[in-house]
Each structure stands twice: as structure tokens, then as C-alpha cells.
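Breakdown of the fold
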Amino acid sequence: MLQDADRRNYAVGAFNIYNLEGIKAVISAAEAVRSPVILQLHPAAVKYGGKTLIAAARQAVQDCSVRALVHLDHATDRELILSCMQAGIRSVMADGSHLSLDGNVAFTREIGNAAREQNAFVEAELGRLSGTEDGLSVAEYEARLTDPAIASAFVRDTGVHCLAVCIGNVHGHYRSEPRLDFHLLERIRKQVHVPLVLHGASGLSEAHVRESIQLGIRKFNVNTEVRDAFLSALSRTLNDKPGTDLVDLMLNGVAGMRAVVIEKMGLFGSAGKDPQ
């Protein structure tokens, strides 16, 4: 999927889902605009929904009329990753970014070895993505960014299939104008020859997204905006129509998330890339 995005110069959206409503919203959006798509499960969602949620996501992907897959996002626990692969997930993020460089390499390599036995795909992260850039000194902020030379060696030594980079992107809401270092991204792209991933895509401007794609980003992670749309839809419905039937409430939540996902697919250039 990401190789096709690389050949055709677009990016695939990876949308975090937590329940059946999220699954329905993302899959229906992808089918509506004929876009490849990734359903992402955060470890917290897996621990909450267990094998039932995994099975629901996998079934939805299997029934989907466009290219779709299920991906385990930001997994730091070896046993959780292995159990998810055993449950049928064939794309995982081995997140060792909280470890030392040597620790990250060792952890990622270990997961990679296990993934090969399952014919699974591995994403890793180099650098350290924060929840916000506020409160960091310049030195602390820059220390979190991905070093291009280290990235090249990291990919070589771990054999990962794609790499999440830190170029000033953050998780959650940006409290000020995002400061993405595109010069750094360009340097990373010249050193690393696997698809690049950008986490923290919620809140990025169209200009930020377009430039990122031109410089090699092939997967954008989106969580906050989709989650906020769901919560806002539920809140509006309950405020406007107290006592709304639960099914109608959930349908409104699905519609809110679906609209955001469709907008992102258009922005990422993936809409219309899966016409079959």
C-alpha cells in the first residue's frame, strides 16, 4: 500500500479506532471516496476491546471494497505485539522511541524477527514525539527530532518496513502554529529508503500536508480530530435531543467521524487511488 503511495506521490491515512462506530466511519469513508485506508488500534483500545475489537476490525477490512488493513499503533509491550500478531494483525508499530538508541534498535529488531515469522509489516519510530512542544527549551526540543544519519543506520540495522519521524510534529492538539522542519525531512528522505510516516497529523494545515507528501511522507496518523468529531456529535445530539435512541446517537457519531476521514483522504491525495 505504501509502495503504491510512493510511486504515485500521495499518502495513506491511518485512523485510530476504538469501537464499532469508528470502524464503520473509516471503512464507509474509504469506500465512498475509493481510498486505501489503515485502521489503527492503539494498545489502550486493544486492552479495552480485546480480541473482539480486533476481529471486528479484521472482518471489516476483509469485507471492504477498497484496499484496507489493520495496524497496531504505538506498541511498547512485546507480549501485546505478539498476541496481536497471533490474533491476525499483520502490521505493527514497535515503538521503542522511549528507549535509548541501542535499546530501540534491540527492541525493534526483536519484534522484526518475530514479525517475519508471521509475514507481518513493522513500523518503528526514531526520535521522541511529545504531546506538545510547549515548555521545552530549544536544546530539548531539537534533541527529540530524528537525526538523518542515525535514521539510515537504524533502518539498516533493524530491517523495518517504514519509519515514523519526528520533525516538530506532536501528538494531540497543537497549542501554537505547527513548526515542521521540512529541511530536516528532506535530509532524512535522502538517507532513508523506506516509506516515512508522520504521526500527529491532526491540526496540520493543507500546506504542511502537501509539503510533507512532496518530501516523502507516505502515511499520516490521525486520531485527535476523528475522536473529537465523535465526541462533539454525541454531545450535540444529547443536548439537542435528550433521550435520543442509542442507535441514532451512534449513527450521528459515525457521521461526524466519517466527514473528518473523507476530508483527510482528499487532503492526503488518496481519494480515488483505489478505483477497482
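Below: a short report on this structure. The written sequence of each chain sets the order in which its residues are numbered from 1. Reporting of local features is limited, given that this is a predicted model, to residues whose pLDDT is at least 70; pairs of side-chain atoms are given and counted only at 80 or more, and all residues count toward the totals for whole chains, interfaces and linings. To obtain the side-chain values, all non-hydrogen atoms of the structure were used and water was disregarded.

Quick look at the overall build of the chain
Tallying secondary structure elements over the chain gives 11 helices and 8 strands in all. A compact globule built from 276 residues would reach a C-alpha radius of gyration of about 19 Å, and the chain, at 18 Å, matches this within 12%. The buried share of the chain, reckoned over its 276 residues, is 54%. Any two residues whose heavy atoms approach within 4.5 Å are treated as being in contact. Sequence-distant contacts in the chain: of pairs separated by 6 or more residues, those separated by 24 or more amount to 71%. Residue-level accessible areas treat just the shown protein chains as cover; the underlying method is Shrake-Rupley with a 1.4 Å probe. By element, 51% of the accessible surface of the chain is carried by carbon and sulfur atoms, the whole surface being about 12,300 Å². Both charge centroids of the chain, one from 29 positive and one from 32 negative side chains, sit 4 Å from each other. Numbering of helices and strands runs from the N terminus, with a helix taken as a DSSP run of H or I at least four residues long and a strand as a DSSP run of E at least two residues long. In this description the radius of gyration comes from C-alpha coordinates, and the expected globular size is given by 2.2 Å times residues to the power 0.38. Exposed residues in this analysis have more than 50% of their type's maximum accessible area, buried residues have under 20%, and partly exposed residues fall in between, with area computed by a 1.4 Å probe over protein chains only. A residue counts as positive if it is Lys or Arg and as negative if it is Asp or Glu; His and the chain ends are not included. By convention, the charge on Lys lies at NZ, on Arg at CZ, on Asp at CG and on Glu at CD.

What about the nonpolar core?
Nonpolar cores were defined as sets of buried Ala, Val, Leu, Ile, Met, Phe, Trp, Tyr and Cys residues, with membership established by side-chain atoms within 4.5 Å. Residues F15, L163, V165 and F220 are the most contacted members of the largest nonpolar core, which totals 81 residues. It is helix α11 (residues 246–268) that contributes the most residues to this core, 9 residues altogether. Discounting chain neighbours no more than four positions away, the residues touching F220 are A11, V12, G13, A14, L198, A201, V209, S212, I213 and F268. Residues L2, A5, Y10 and I38 belong to the second largest nonpolar core, which totals 9 residues.

Focus: the pattern of salt bridges
Any carboxyl oxygen of Asp or Glu that lies within 4 Å of a side-chain nitrogen of Lys or Arg is treated as forming a salt bridge with it. Evaluated as defined, the whole model comprises 11 salt bridges. For K219, the salt bridge goes to E123, with nearest N and O atoms at 2.8 Å. On the criterion of sequence distance, the pair formed by K219 in strand β8 (residues 217–222) and E123 in strand β5 (residues 121–126) is long-range, its members being 96 residues apart. Of the residues examined, E123 reaches a relative accessible area of 0% and is grouped as buried. Here the salt bridges do not stand alone but share partners, grouping D4, R7, R8, R67 and D274 into one network.

Notes on the packing of helix α2 (residues 20–33) against α11
Between two packed helices, what matters for the description is the angle formed by their axes and the separation of those axes. At their nearest, the axes of α2 and α11 sit 8 Å apart, and the two run at 45 degrees to each other. The orientation of α2 with respect to α11, classified from their angle, is oblique. Regarding α2 and α11, the two cross each other, and that crossing is right-handed. Facing α2, whose interface residues are E21, G22, K24, A25, V26, S28, A29, A30, A32 and V33, α11 presents M250, V254, M257, R258, V261, I262 and M265. Only the stretch in contact is used when a helix axis is fitted, and all axes are lines through C-alpha atoms; the angle between N-to-C directions ranges over 0 to 180 degrees. Roughly parallel means an angle under 35 degrees; roughly antiparallel, over 145; roughly perpendicular, 65 to 115; everything else is oblique. Left-handed describes a crossing whose near helix is turned anticlockwise from the far helix by less than a right angle; the clockwise case is right-handed.

Describing the packing of α2 against helix α3 (residues 43–63)
At a minimum axis distance of 11 Å, the contact between α2 and α3 shows a crossing angle of 15 degrees. The pairing of α2 with α3 is recorded here as roughly parallel in orientation. When you trace α2 past α3, the crossing you get is right-handed. Along the contact surface, α2 presents I23, I27 and E31, while α3 presents L53, A56, A57, A60 and D63. Each residue gets one label: Ala, Val, Leu, Ile, Met, Phe, Trp, Tyr, Cys and Pro are nonpolar, Asp, Glu, Lys and Arg are charged, and the others, such as Gly, are polar. Class assignment for the residues of the contact of α2 with α3 results in 6 nonpolar, no polar and 2 charged.

Section: unusual backbone geometry
Of note, the phi angle at N9 is positive, near 60 degrees, even though the residue is not glycine. Within the element layout of this structure, N9 appears in the loop between α1 (2–8) and β1 (12–16). Since its relative accessible area comes to 32%, N9 is described here as partly exposed. Phi is positive for R34, close to 55 degrees, though the residue is something other than glycine. Topologically, R34 is positioned in the loop between α2 and β2 (37–41).

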